[in-house]
Protein chains: 2
Amino acid sequence: MHVLRVDMTTQKITCEPLPDGWELVGGRALVAKVLCSEVPPQCEPLGAYNRLVLAVGPLARSGVPCAERLSAGAKSPLTQGIKESNAGGVLGYQMAAAGMRAIIIEGRAVHGGPYVLHCSPSENRLVPVPGLSGRGVYAATRILKAEFGDNAAVAVIGPAGEFLMAGAGIFITDTDGVPGRACGRGGLGAVMGAKGLKAVVVGPHRAPRPRTADPAALRAAIAEFLGMIRDTPQTAHAYPTYGTAGSLGPINALGGLPTRNFTAGSFEQAAAVSGEVLRDLIASRGGQGKSGHRCMPGCVVKCSNVFPDADGKPVVAPLEYETIAMLGPNLGIADLDTIAQLNHLANDVGVDTIEAGVALGMLMGAGRLAFGDGRGALALMKEIGEGTVLGRVLGNGAAITGRVLGITRIPAVKGQGFPAHEPRGIKGMISTYALSPMGADHTAAVTFRADMDHHRGAGHTAFNRTLQVRVAGFDSLGMCLFVTPAIGKKPALMADLINAVHGTGVGPEYLMELGKETLKHERAFNLAAGCGPDRLPEFMAEEAIPPFNLVADAPGPELESFWEPDFWGPLPVLPRWSKP
Amino acid sequence: MHVLRVDMTTQKITCEPLPDGWELVGGRALVAKVLCSEVPPQCEPLGAYNRLVLAVGPLARSGVPCAERLSAGAKSPLTQGIKESNAGGVLGYQMAAAGMRAIIIEGRAVHGGPYVLHCSPSENRLVPVPGLSGRGVYAATRILKAEFGDNAAVAVIGPAGEFLMAGAGIFITDTDGVPGRACGRGGLGAVMGAKGLKAVVVGPHRAPRPRTADPAALRAAIAEFLGMIRDTPQTAHAYPTYGTAGSLGPINALGGLPTRNFTAGSFEQAAAVSGEVLRDLIASRGGQGKSGHRCMPGCVVKCSNVFPDADGKPVVAPLEYETIAMLGPNLGIADLDTIAQLNHLANDVGVDTIEAGVALGMLMGAGRLAFGDGRGALALMKEIGEGTVLGRVLGNGAAITGRVLGITRIPAVKGQGFPAHEPRGIKGMISTYALSPMGADHTAAVTFRADMDHHRGAGHTAFNRTLQVRVAGFDSLGMCLFVTPAIGKKPALMADLINAVHGTGVGPEYLMELGKETLKHERAFNLAAGCGPDRLPEFMAEEAIPPFNLVADAPGPELESFWEPDFWGPLPVLPRWSKP
């Protein structure tokens, strides 16, 4: 295992041995480690001092299911704080196959480019591919495959990343080679673009899987893990059948579905865009459409899908809950075909569908486009890719859209737009959004399936903190979030899996310890960066939304207790950066 | 003396007695006091929790020269930190005549408006004047005078403030009733606009001047003060003759004149826009043009002017160094008439000429407009007032312009664009810009006339700190900055003046103590707000500029020593804000 370090300024690539203490950590934890030791917290996110980290987990390619997530991270141009965003797809697996735990991209290309980092079994090199400049994600992927082989894993940015938009993501190819898996949040595509890097292409590496320390123990632990996944209704049935869109019905019922620019928590046409309708539509159209699709090798959950048009030709893969909600109900759009087209276009342009959805919703809320105007929304999404001034505003996300257009009602925390778990209907999410170092990020702790009174503001913060710690642990192991419910029954199994693979003796609390350590690093970075504040936008405490007439009203002192030193202990001390 | 408190939400106006401890402080100190005690540092700058403070000094209308500056302050939508911006004009005098040390505007108008706060001798009231909506600063002033009388003092915002642009200022009428004096920096016009307030109209109050505690001592102290002003070349000759534009030549010679989007420190056509040329042009055109104009009652410096067109008709008053530089050399424009038209238009639209100049320069640097294209610049300034999307981007200032257009080279600190003292040519300004709680604000400590090696990066921070403290003291007494050089010979005279007016016994260090206290409050607010960082943009340390091939290279540890607790003592403790 090693770390690949790429200096875009000098074009030098070095292979470094895995540092001490990195053996059993990956993903989000490595992002935190690298940022806290190598990146001045007050540096400019799109400058030469920021570093882009791509990292996989210590169980990638070990045979453990769902362990090949890829984390991307850097100081975020959207939140100005630390950012980790992870995705499925095949890059994590290919990096592991290449023996890479992480790729660290530093500096900034001075001229030429855009560049492709190509990691083949024979060499790692930076290749200028001028023809990629300005290309959409899908076209760029075709060009990359033609150049570097069909079976390589690709991470690529679209025009949004090249335009340095704070809503730009990094797009990863899935098991079909389609670049539909996104490290979408926080503008990491812009960080990559600022470095002069258009794509990372890895593999295909076909090295034999490394020897496992204790194969018998691993087989047993995996069997137990698979049993738990099978015994959890969510992973056994809901995800493979409806995908993430299965959440739309329950969330709508709770009043947690952002509707028409966060002015309501349920959508009268929710039934038209539900997971059930989505599954039926995919099934009835046939062709290349598919439910129960796996996005990465080793996936046993299969929440992904391929959404086809009426002729059975793929429009986009996958079509997921967050995208459906933010580009559907949040825009007053109730048509899955329109939403799928918006999703395809957003991917091609290279922007986060959530951030773009929030920004478009704000534009509609300001009366600049009618709610429900799918054609208008498509035209604006196109403008993002073209880099018109309005397109650039929208592509920079909710906070910039608000500032430019004079909209003070901005659905964002720490500059990042809200995902589709409206915290006034699902009040456990208040703590998630206000307190996650990532800003408004639902994945930091999803609460709508938890056994709690979702319409009560008080009393959820301590539980939420535990959940954020567990999720941070999962993200730090490269595990898919969707097996959290299964592993929740026996978190110590993660330690068994790690010990069996690596021959180590970590204790049953390893998952939680790792998560806690990671959050502490993230917190320390954000404090040093001045990234804040830890609160929801003011309008959410004032504007009650239908159907339940609720505001976001978690008690301030309770929220403040989240970071109490008694729980966390001392935060890591970051290096002293006199410059820049 | 009292404080007028205006709640825009409830439309309630209350007259409060001057709080204990406010007797001898004003301006910037009162902004800091109100913000630190009444405004949650993490509130939204354009939300209901922010408060706009208008404050005068304790010597206003006492007969002390140059003591009627008006400070405006609030949490800034531009820097996200504390902001005080002061101006001349007649509002400070009229507020003092009305017995008001400060006006505090809180809340946010829920409907109707825009509103005018009218403070006449008979009543204080909020008046909705729908016809003012969208009006330029000059037209709005005409309407206000027609409505409320020719001799009232006016503070008004333009479309930029109504559009909530972070570059919007508040414009104050001068002794001729022309709204050309600006609290320009930091977006205070947007704060006013967000509250639903278009204008504040005060007076004319003609109450007799309050009794002075010791008239004989005051006469003596004023005589000494006037003598010092007369004995200082700057105030005796340069300011009344050339205005602030007299600085252009010396600053250009130092390599400190921002030229073509901060790519050079001197301008080959500087001679065409110098203070000397300006004076001669005003003199030769005659008519209503004027040099040696006083902007506020009690001014003995008379740095202001009225710039006429070829027919002697006023184009703009005043035309000052910062505006000439930022809308001239920084845009590659060498024609005073064009610059004056840009200035007039910026005032009418209601944006800060510095912030707009930086933003326009960036646009030119990005190749979207040619350097030197005055007609194009005028068209874009017009767009700001029209609220086109590009206009809104530019009106939001340098940082937003950079983010939207994908420009990473942003000449700004803490989100505020650089004024016309390029710190690579005048390196004493590095500390000013990096460390002032205001962001890149030259007025926090102007160093180009100081006796130092302006091209050496190291060794200026301690001096700069003393200067910042003194300036903060001046700003907190409502004194014009331009008498700093005179009073610098005997700072204790400020205590004599105060004691003579108020019958108090403050010590000779009062000016410095007040300045220090104010900076400590500002620092505490910014730390709580997360406003930072304390450094220059990265490009200024990397890009050497002609003619002296210099970078901004003050040593990091020296800059960090600025805020050392040994000097400042403990910072004030702000109230605990659980919400918002």
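Scroll up a little and you will see the structure.
Values in this document were obtained by computation on a predicted structure and should not be read as measured data. All residue numbers here refer to positions counted from 1 along the written sequence of the relevant chain. Written order decides the labels, with chains lettered from A and ligands numbered from 1. This being a predicted model, a pLDDT of at least 70 is required before a residue's local features are given, and a value of 80 or more before pairs of side-chain atoms are given or counted; all residues contribute to the totals for chains, interfaces and linings. Here the side-chain values reflect all heavy atoms present in the structure, with hydrogen atoms and water set aside.

Draft legend 1. Seen up close, the overall build of chain A. In terms of regular secondary structure, chain A is built from 23 helices and 17 strands. Its C-alpha atoms put chain A at 55 × 55 × 50 Å along the principal axes. The classification of residues rests on relative accessible area computed with a 1.4 Å probe and restricted to protein chains. Under 20% of the type maximum is buried, over 50% is exposed, and intermediate values are partly exposed. Relative to its 580 residues, chain A shows a buried fraction of 66%. Any two residues having at least one pair of non-hydrogen atoms within 4.5 Å are treated as being in contact. Partitioning the intrachain contacts of chain A with sequence separation of at least 6 by distance along the chain shows that 71% fall at a separation of at least 24. Computed with the Shrake-Rupley method and a 1.4 Å probe, the accessible areas treat only the protein chains shown as cover for residues. Accessible surface for chain A amounts to roughly 18000 Å². Of this, 53% is attributable to carbon and sulfur atoms. Residues scored as positive are Lys and Arg, those scored as negative are Asp and Glu, and His as well as the terminal groups of each chain are ignored. Think of each charge as sitting on NZ of Lys, CZ of Arg, CG of Asp or CD of Glu. Separation between the mean location of the 52 positive side-chain charges and that of the 52 negative ones in chain A comes to 4 Å. By the criteria applied, helices consist of DSSP H or I runs no shorter than four residues and strands consist of E runs no shorter than two, each listed in order from the N terminus.

Draft legend 2. Region of interest: the packing of helix α11 (residues 336–349) of chain A against helix α13 (residues 374–386) of chain A. All names here are of chain A. Axis definition: a line fit to C-alpha positions, over the contact stretch in the case of helices; interaxial angles, taken between N-to-C directions, run 0 to 180 degrees. Put simply, α11 and α13 touch, their axes get as near as 9 Å, and they point 5 degrees apart. With respect to each other, α11 and α13 are oriented roughly parallel. Across from T338, Q341, L342, L345, A346 and V349 in α11, the residues of α13 making contact are G374, A377, L378, M381, K382, I384 and G385. For the contact of α11 with α13, the class distribution of residues is 8 nonpolar, 4 polar and 1 charged. Here the word oblique covers every angle except those under 35 degrees (roughly parallel), over 145 (roughly antiparallel) and from 65 to 115 (roughly perpendicular). Throughout this entry, Asp, Glu, Lys and Arg are counted as charged residues, while Ala, Val, Leu, Ile, Met, Phe, Trp, Tyr, Cys and Pro are counted as nonpolar. The remaining residues, Gly among them, count as polar.

Draft legend 3. Structural detail: the sheet that holds strand β8 (residues 124–128) of chain A. Residue and element names in this part refer to chain A. Strands sit in the order β8-β7-β12-β9-β10-β11 across an open sheet of 6 strands; the sheet is mixed. Each edge of the open sheet is held by one strand with a lone partner, namely β8 and β11 (181–183). The mean inter-strand angle of the sheet, taken between neighbouring strand axes irrespective of direction, is 20 degrees. As paired elements, strand β7 (residues 115–119) and strand β12 (residues 197–202) share 5 bridges and run parallel to each other. Bridge pairing in β12 links V116 to A199. In the packing of helix α3 (residues 137–148) onto the sheet, contacts are made with β7, β8, β9 (153–156), β10 (170–172) and β12, and the angle to β9 comes to roughly 140 degrees. Should DSSP find at least two bridges between two strands, the strands are taken to pair.

Draft legend 4. Here's a closer look at the relation of the copies chain A and chain B. Residues reaching a pLDDT of at least 70 in both copies supply the C-alpha atoms on which the copies are superposed by least squares. Mapping chain A onto chain B calls for a screw motion: a turn of 180 degrees about the axis and a shift of 0.0 Å along it, with 0.0 Å RMSD after fitting. Seen this way, the second copy is the image of the first under a two-fold rotation axis. Across chain A, the smallest distance between a C-alpha and the rotation axis is recorded for G530(A), namely 2.4 Å. Taken as a fraction of all interface residues of chain A, those also at the interface in chain B reach 100%, which identifies the copy contact as same-surface.

Draft legend 5. Up close: the nonpolar core. M381(A) and M381(B) are the most contacted members of the largest nonpolar core, which has 164 residues in total. Contact partners of M381(A), with chain neighbours within four places excluded, come to L327(A), L342(A), L345(A), A346(A), V349(A), V351(A), A356(A) and L360(A). We call a set of buried Ala, Val, Leu, Ile, Met, Phe, Trp, Tyr and Cys residues a nonpolar core when their side-chain atoms join them within 4.5 Å.

Draft legend 6. Here's a closer look at the side chain of T244(A). Residues and elements named next belong to chain A. Topologically, T244 is positioned in the loop between α7 (233–242) and α8 (248–254). The buried category is assigned to T244, whose relative accessible area is 8%. If near-sequence neighbours (up to four positions away) are discounted, T244 is found in contact with Y239, C303, E320, Y321 and F482.

Draft legend 7. Region of interest: the packing of aromatic side chains. When two rings of Phe, Tyr or Trp (its six-membered ring) have centres within 6.5 Å they constitute a pair, described as stacked for plane angles under 30 degrees, edge-to-face for angles over 60, and tilted for the intermediate range. Scanning the entire structure with this criterion turns up 14 aromatic pairs over all chains. Aromatic rings pair up to connect F562(A), W563(A), F567(A) and W568(A) into one cluster. When the NZ atom of lysine or the CZ atom of arginine is within 6 Å of a ring's centre and also within 35 degrees of its normal, the charge is said to sit over that ring. Over the ring of F567(A) we find K516(A), and its NZ or CZ is 4.4 Å from the ring centre. Sitting over the ring of F163(B), R392(B) keeps its end group 4.3 Å from the ring centre.

Draft legend 8. Just the interface of chain A and chain B, in detail. With 44 residues of chain A at the interface, the matching set in chain B holds 44 residues. A simple way to read buried area is as the amount of 1.4 Å-probe accessible surface that goes missing from two parts once joined, with both sides added. The largest contributions to the chain A side of the interface with chain B come from E44(A), R403(A) and E538(A), which together make up 19% of the buried area. When a carboxyl oxygen of Asp or Glu lies within 4 Å of a side-chain nitrogen of Lys or Arg, that pair is called a salt bridge. Of the charged contacts in the structure, one is a salt bridge between E44(A) and R535(B), with a shortest N-O distance of 3.6 Å. Nitrogen and oxygen atoms within 3.5 Å of one another constitute a polar contact, given that in protein one can donate a hydrogen and the other can accept it, and given that sequence-neighbouring residues count only through two side-chain atoms. Counting across the chain A and chain B interface gives 12 residue pairs in polar contact (both at pLDDT 80 or more). Within the residue set of the side of chain A that touches chain B, elements represented by two or more residues are α14 (389–395), α15 (398–405) and α22 (556–561) of chain A. Of the residues belonging to the side of chain A that touches chain B, the class tally is 21 nonpolar, 10 polar and 13 charged.

Draft legend 9. Quick peek at the side chain of K520(B). All names here are of chain B. As for its placement among the helices and strands, K520 is situated in helix α20 (residues 510–529). Salt bridges are absent for the buried K520, whose nearest opposite-charge side chain, E517, sits at 4.5 Å. With near-sequence residues (within four places) excluded, K520 lies in contact with W568, G569, P570, L571 and P572.

Draft legend 10. Representation of the sheet that holds strand β4 (residues 70–75) of chain B in the model. Residues and elements named next belong to chain B. The 6 strands lie next to each other as β2-β1-β6-β3-β4-β5, forming an open sheet whose pairing is mixed. The sheet is open, and its two borders are formed by β2 (12–17) and β5 (82–87), each paired with just one other strand. Geometrically, the sheet is characterised by an average inter-axis angle of 15 degrees between neighbouring strands, direction not taken into account. Pairing geometry for strand β1 (residues 2–7) and β2, over 6 bridges, is antiparallel. Across the sheet, H2 pairs through a bridge with P17, a residue of β2.

Draft legend 11. Quick peek at the pairing of strand β9 (residues 153–156) of chain B. All names here are of chain B. Burial along β9 is two-sided: A153 and A155 facing one way and V154 and V156 facing the other are all buried. Relative to strand β12 (residues 197–202), β9 runs antiparallel, the two being bridged by 4 bridges. Bridge pairing in β12 links A155 to V200. Across 2 bridges, β9 lies against strand β10 (residues 170–172) in antiparallel orientation. Opposite V156, over in β10, you have F171 as the bridge partner.

Draft legend 12. Representation of helix α16 (residues 428–435) of chain A within the structure. Most of α16(A) is tucked away, with 8 of its 8 residues classed as buried. Residues of α16(A) that are buried: G428(A), M429(A), I430(A), S431(A), T432(A), Y433(A), A434(A) and L435(A).

Draft legend 13. Structural view of unusual backbone geometry. A cis amide bond links A317(A) with the next residue in sequence, P318(A), at an omega value of -5 degrees. For the bond from P546(B) to P547(B), the omega torsion is 5 degrees, close enough to zero to count as cis. Among the structural elements, P547(B) can be located in the loop between α21 (539–542) and α22 (556–560). In this structure, K302(B) is a non-glycine residue whose phi angle is positive, near 60 degrees. Considering the arrangement of structural elements, one finds K302(B) in the loop between β13 (290–293) and β14 (304–308).

Draft legend 14. Layout of the environment of G365(A). Residues and elements named next belong to chain A. Position of G365 among the secondary structure elements: in helix α12 (residues 353–365). Look at G365 and you get partly exposed, because its relative accessible area is 46%. Separated by 211 residues in the primary sequence, G365 and V154 place their C-alpha atoms 37 Å from one another. Excluding its chain neighbours within four sequence positions, the residues that come into contact with G365 are N261 and F371.

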